[in-house]
Amino acid sequence: MNRKGMFLFLLIISVCFLSGCWSKRELTDLAFISAYSLDLTEEGNYEATVQVISPGNITSGLQGGGGGSSSPPVIVYSVTGENLSDMDALITKKLSRTPYYAHTDLVVISEELAKKEGLPPILDELDRDIEFRTTTTVVIAKETKAKDLLTTLTGTDRVPATNIVKMLDTTEKALGENVRVNVHELITQVTSKGKEPVLPGFTLKGDPMQGKTVKSVQSTELEAAPEADGLAMFKEGKLIDWIEGETARGTLWTLDKIKTTIVSTSWEKEKKAIAYKVMRQKTKVSATLTKGKPKLSISTRAEGDIAEVKVPVDLTDPHVIKKIEKELEKEIKSEIEKAVQQAQKDKSDIFGFGEVVHRTDPKAWKKLEKEWDDRTFAELDVDVKVEALIRRTGLVNNSLHTTLKKEEK
Amino acid sequence: MLSFFKQKKNRSNPQQPKEEIYAHKQKKNRSDPQQPKEEIYAQKSSVMIDFSLSKNLEDIKRITGNSPDIVIRKVKIGDQAKTDAAVLFVKGLVDSRAVDEFFIESIMKSNHLQEKRTPEDLMGLITDEVIPLGQAQSMRNQEEIVDSLMAGNTLILIDGIDEVLTAGTQGGEKRAIQEPTTHISIRGSKEGFTETNETNIAMVRRIIKSPDLWVESMTIGQVTKTDVSIMYLKGVAKEDIVQEVRTRLNRIDIDGILESGYVEQLIEDQTMTPFPTIDNTERPDMVAANLLEGRIAILINGTPFVLLVPALFVGFFQTIEDYSSRVDIANGLRFLRVLAFFISLVGPALYVAATTFHQEMIPTQLVFIIAAQREAVPFPAVVEALIMELTFEILREAGLRLPKAIGSTVSIVGALVIGQAAVQAGIVSPAMVIVVSVTAIASFATPAYGMAISARLIRFAFIISAATFGFFGLILAFFLMIVHLCGLRSFGVPYMSPFAPFSPSDFKETFFRRPLWAMNERPRMAVGKNVTRQGENQKPQPPLSREMIMTDQKEGDTHES
């Protein structure tokens, strides 16, 4: 390389530096938004609320934490506007740093907004935005303002958004009455003709005003705390009804979303005498069409252990086990049937039966499609088959009741 | 940078520096200003030795500047001790016991010598009978004689003969064979090369006892006259490469070779690269292993570091121990080394790119923690990274050159500066400290020092490219590096082979290795004709039948009818 070549080389190198640090964002210039909520104001506008992490307070106990529990880990800002992008820009009037949505865990939509306006108007921006992830969880604020779920401080997980998402995960796994749905799934379900979405509901137990202060999380019993509560049922993008309790679990059975759950059944007039822990389950939904009339069948196969026995039962007897299995099957079947009945009553195909029919007979579906929700689905014949298998009886065979009863004799 | 090119330009004219050097030397020469030394060398002198002993001695004294370490011992030999003779040697360079006992004593006491009359007879007798040492030879050229003297040989001059007898008596103080300080291994030979070429050659020969192990010697360095030997396995090494090594070594015209690094820089294929294209080692077993794979070793007197050519990129991540440990463990460790090299290259750059451009890539919980740590730090991440990397490099360099007694102080102060104080002062974030220290440790995991240090240098380029363009810049820089690596050659062999060009047969011996019993062929890149390494069916197996043998079984014990 001669001197000319060297000069050229230096020129090329310097080009790299001319751009500066293009689109560089230091961590200290970003406002990490952990949760985003939408309410409907009285005038009919949106009210967007962002939950911004204050990094210095979140890692108390670490170096230089300083604040610790004396200052809240998040700060909440609200803004009202006509559309989401507008509010995005307006919120910077209150923020010292650039709002950053890539780490947003949670979107809360208020019940009122979901009922009146429906989901489609707000989902577009969430889908289109570059930063915003479509894997973000969506929940509905039930009987409370969506903002209140964001302002309420939580205990175990200090970031309220993380707390709600984790709570949802845990309850979906252990109880099976709630289901985690993200923006992407929600959009595909809203746009699908053969399936309507369900979204988990969250309510706030306690006083929202008390929940805002750090004092609330300094006591062992929180002044206000979010709680998972039911499933919101949608039709054509609008919230129409809530599914609660066992019916909600029946919905998850049908959706094949149950991981583990406890099913209790009565035994010799004692209510909920035997508890059964489902460890594995598989639910299949299939459709048969006779003369263009569809018939759906749901078959569930559950495997699990005996979790609890309140009455004396001889668990060493295979006949008894068989009998318990039969009782459990009845119990699960009734849960599923309840769920199907409610969906049919509300004329909302939350189970995706339409999609099943579509897959089975695409040609027939073309005819059924138009009147699916309002007529065909509502009058659909659904056959439920449940098979429950008891694999183990937990750590012990017979319960102490059985032993006691034998001694009495 | 520009001054470098000026120097390079000067180099292109080899005559000029040579003159300067000799002129410089002449100034120092106190004894004889009239006779410029350069003349003797410049003529490639055809000056022959004289018949007169006194003139010869005078000449040698003049040439060597009457240096006091050149011992001239005058003796009288022959019939009635009439003939004058002299024994010359350099104090310290010769094995003084050999000179005293075998040389002077035997010449003075030999009965045969006293019978002979003519100087010619005396010379023949000394050569044939008196001197019990090997490597005796007679010389006439004055320059050759002086060179031989300087190499540690002993000269015998006899009055009236225009011939000088030189005998190999090289010796003197040298370092004993010790454990090598680099390329340390847990399992394997503990021998390391010394500074003496003969010892080093013998150490390799002790491992490879084959007549095919050929050694060629030459002298390089106009002033230092350093012995350089090339060593290869005839038939295994590619003849073209051996010839290439020969020509490149012969091309060298320099005043002094002080270390193998001098030779390395003068014979390497590509000078504008941070990557080493010639391997070096202090271990005889490593040299032996490389010779068996068709490489060529270049041994340089005065340094325990032996050069190995051609060197491939993958070779710098292999250690001799890889082949003495079990295959699964060796492969795991090799993978670890490559990973460590990768970390040492891009560690801080990844951190800088992720925290300033791609915050969405960091897991949510982690980004909050990093953000919290960076709250109080006044610098951008890239400045922080550069400060820490520089501090570490300064510490490393300072620790390397310091006397051992002060060395520990540096590490203590350094640990305080890098670790606690900097974090507490809010200059850097703890995450940065972790990144820098992991990178630092990773850079020491590369077995070859030359490769590890190149990674250290390139790391800074990576940090800057990551800070300007994020991952995009990082990938660009990485591509640049790969392209550069693919363009390198080591003695005609592509540096990145067997990856580029891809060679399926050699590929088995790269970042992983096959079990020893499956390594039937030598790597093809450097090997000539003899490719087969071992016989077929080398896989050890248990005996075919594993039936139990009952030793105390009698007839009828079994249930057979």
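It should be emphasised that the depicted structure is a prediction, and the values quoted were computed from it without experimental measurement. (Residues numbered from 1 in each chain as written. Chains lettered and ligands numbered in written order. Predicted model: local features only at pLDDT ≥ 70, side-chain atom pairs only at ≥ 80, totals over all residues.)

## Section: the overall build of chain B
When its secondary structure is counted, chain B shows 18 helices and 12 strands. Within chain B, the fraction of its 561 residues that count as buried is 35%. Nonlocal contacts in chain B, meaning residues at least 24 apart in sequence, comprise 66% of its contacts between residues at least 6 apart. (Helix = DSSP H or I, 4+ residues; strand = E, 2+ residues; numbered from the N terminus. Buried ≥ 20, exposed ≤ 12 C-beta atoms within 10 Å, placed from the backbone. Contact = placed C-beta atoms within 7 Å.)

## A closer look at the sheet that holds strand E1 (residues 70–77) of chain B
All names here are of chain B. Read across the sheet, 5 strands follow the order E1-E2-E4-E5-E3 without closing on themselves; strand pairing throughout is antiparallel. The open sheet has two free edges, formed respectively by E1 and strand E3 (137–139), since each of these has just one partner strand. Direction aside, the axes of adjacent strands within the sheet are offset by 25° on average. Across 4 bridges, strand E4 (residues 154–158) lies against strand E5 (residues 164–167) in antiparallel orientation. (Pairing = 2+ DSSP bridges. Axes fitted to C-alpha atoms, helices over the stretch in contact; angles between N-to-C directions.)

## Re the domain arrangement of chain A
All names here are of chain A. The domain architecture assigned to chain A consists of domain 1 (26–243) and domain 2 (244–409). A C-alpha centroid distance of 32 Å is found between domain 1 and domain 2. Each partner contributes to the interface: domain 1 provides 21 residues, whereas domain 2 provides 27 residues. Contributions of two or more residues to the side of domain 1 that touches domain 2 are made by helix H7 (160–174), strand E8 (224–235) and strand E9 (238–243). Looking at the side of domain 1 that touches domain 2 element by element, the count peaks at 5 residues for E8. In terms of residue class, the side of domain 1 that touches domain 2 is made up of 10 nonpolar, 4 polar and 7 charged. (Domains from an automatic or database assignment. Nonpolar A, V, L, I, M, F, W, Y, C, P; charged D, E, K, R; others polar.)

## Some points on the UniProt feature "domain: Spore germination GerAC-like C-terminal" (unreviewed entry) in chain A
Mapped onto the present numbering, the UniProt feature "domain: Spore germination GerAC-like C-terminal" (unreviewed entry) falls at residues 229–394 of chain A. Secondary structure content for residues 229–394 of chain A is 36% helix and 42% strand, while the C-alpha to C-alpha distance between its ends is 30 Å. (UniProt positions renumbered as here; feature names shortened; annotations may be inferred.)

## A look at the environment of Ala287 of chain A
All names here are of chain A. By the secondary structure assignment, Ala287 is in strand E11 (residues 270–290). In the structure, Ala287 is positioned 69 residues away from Val356 in sequence and 6.4 Å away in space, judged by C-alpha atoms. Each residue touching Ala287, except ones within four places of it in the same chain, is listed here: Pro294, Lys295, Leu296, Val356, Val357 and Thr360.

## Focus: the UniProt feature "transmembrane region" (unreviewed entry) in chain B
Residue and element names in this part refer to chain B. Per the UniProt record, "transmembrane region" (unreviewed entry) is annotated on residues 296–317, 338–357, 402–421, 427–445 and 457–483. The span residues 338–357 is 95% helix and 0% strand, and its two end C-alpha atoms sit 27 Å from each other. Helix makes up 90% of residues 402–421 and strand 0%, and the two end C-alpha atoms of the span are 23 Å apart.

## A look at the pairing of strand E2 (residues 46–53) of chain A
Sheet faces and side chains relate simply in a regular strand, where the side chains alternate between the two faces. Residues and elements named next belong to chain A. The buried fraction of E2 amounts to 8 of the 8 residues, a majority that puts the element mostly inside the structure. Covered by surrounding structure in E2 are Tyr46, Ala48, Val50 and Val52 together with Glu47, Thr49, Gln51 and Ile53, the residues of both alternating faces. Where strand E1 (residues 30–40) lies against E2, 7 bridges are found, and the strand directions are antiparallel. Note that in E2 the partner of Ala35 across the bridge is Gln51. Taking the residues between adjacent antiparallel strands as the criterion, E1 and E2 are bridged by 5 residues, where Gly44 takes a positive phi near 95°. Two elements, E2 and strand E3 (residues 74–81), share 8 bridges in a ladder whose sense is antiparallel. Bridge pairing in E3 links Ala48 to Val79.

## Quick look at the environment of Lys322 of chain A
The topology assignment puts Lys322 of chain A in helix H12 (residues 318–346). The spatial distance from the C-alpha of Lys322 of chain A to the C-alpha of Glu236 of chain A is 44 Å, given a sequence separation of 86 residues.

## As for the nonpolar core
The nonpolar side chains of soluble globular proteins are, as a tendency, buried together. Judged by nonpolar contacts, the single largest core of 184 residues is most densely connected at Phe32, Val108 and Ile109 of chain A together with Ile296, Ala297, Ile298 and Val352 of chain B. Counting residues in hydrophobic clusters, the runner-up holds 30 residues, among them Ala86, Val87, Val99 and Ile158 of chain B. (Core = buried A, V, L, I, M, F, W, Y, C linked by C-beta atoms within 7 Å.)

## Observations concerning the interface of chain A and chain B
Contact residues are listed per partner, giving 27 residues for chain A and 24 residues for chain B. If you list the elements that add at least two residues to the side of chain A that touches chain B, you get helix H1 (3–18), E1 and helix H2 (55–58) of chain A. When residues in the side of chain A that touches chain B are grouped by element, the largest group, 4 residues, is from H1 of chain A.

## Description of the sheet that holds strand E10 (residues 261–267) of chain A
All names here are of chain A. Strand order in the open sheet formed by 4 strands is E10-E11-E12-E13, with mixed pairing between adjacent strands. The open sheet terminates on both sides in strands that have one partner only, identified here as E10 and strand E13 (381–392). Strand after strand, the sheet turns through a mean of 40° between neighbouring axes, direction not considered. Where E10 lies against E11, 6 bridges are found, and the strand directions are antiparallel. Looking at E11, one finds that Trp267 is bridged to Glu270.

## Things to note about the packing of helix H12 (residues 327–356) of chain B against helix H14 (residues 381–401) of chain B
Residues and elements named next belong to chain B. Running from amino to carboxyl end, H12 crosses H14 at an angle of 160°, the nearest separation of the two axes being 9 Å. Regarding the angle of H12 to H14, the classification is roughly antiparallel. Judged by the twist between their axes, the crossing of H12 over H14 is right-handed. Facing H12, whose interface residues are Pro348, Tyr351, Val352, Thr355 and Thr356, H14 presents Ala381, Val382, Ala385 and Glu389. Looking at the contact of H12 with H14, its residues break down into 6 nonpolar, 2 polar and 1 charged. (Parallel < 35°, antiparallel > 145°, perpendicular 65-115°, else oblique. Left-handed = near helix turned anticlockwise from the far one by under 90°.)

## Focus on helix H17 (residues 449–487) of chain B
In this model, H17 of chain B (39 residues) spans only 22 Å end to end at C-alpha, well below the 57 Å of a helix rising 1.5 Å per residue. The sharpest bend along H17 of chain B reaches about 140° and sits at Phe469 of chain B. (Expected span 1.5 Å × (residues − 1). Bend = angle between axes of the 7 residues up to and from the residue.)

## Looking at the packing of H12 of chain B against helix H16 (residues 430–443) of chain B
Residue and element names in this part refer to chain B. Packing of H12 against H16 leaves a shortest axis separation of 7 Å and a crossing angle of 160°. It follows that H12 is roughly antiparallel to H16 by the angle criterion. Relative to H16, the crossing made by H12 is left-handed. Seen from H12, the contacting residues are Ala340, Ile343, Ser344, Gly347, Pro348 and Tyr351; seen from H16, they are Val435, Val436, Val438, Thr439, Ala442 and Ser443. Broken down by class, the residue content of the contact of H12 with H16 amounts to 8 nonpolar, 4 polar and no charged.

## Observations regarding the confidence of the model for chain B
All names here are of chain B. Overall, the prediction assigns chain B a mean pLDDT of 82, with 87% of residues at 70 or greater. At the level of individual helices and strands, chain B shows its lowest average pLDDT in helix H1 (residues 2–11), which scores 43, and its highest in strand E9 (residues 296–300), which scores 94. This stretch, residues 1–43, has a pLDDT under 50; its non-local contacts, to residues over four places away or in other chains, come to 24 contacts. With a pTM of 0.81, the predicted complex shows an ipTM of 0.82. (pLDDT = per-residue confidence, 0-100.)

## Brief notes about unusual backbone geometry
Residue and element names in this part refer to chain B. The residue after Ser497, namely Pro498, is reached through a cis peptide bond having omega 5°. Here Pro498 lies in the loop between strand E12 (493–494) and helix H18 (504–507). Note that the residue after Ala500, namely Pro501, is joined by a cis bond; omega there is 0°. Locating Pro501 in the fold gives a position in the loop between E12 and H18.

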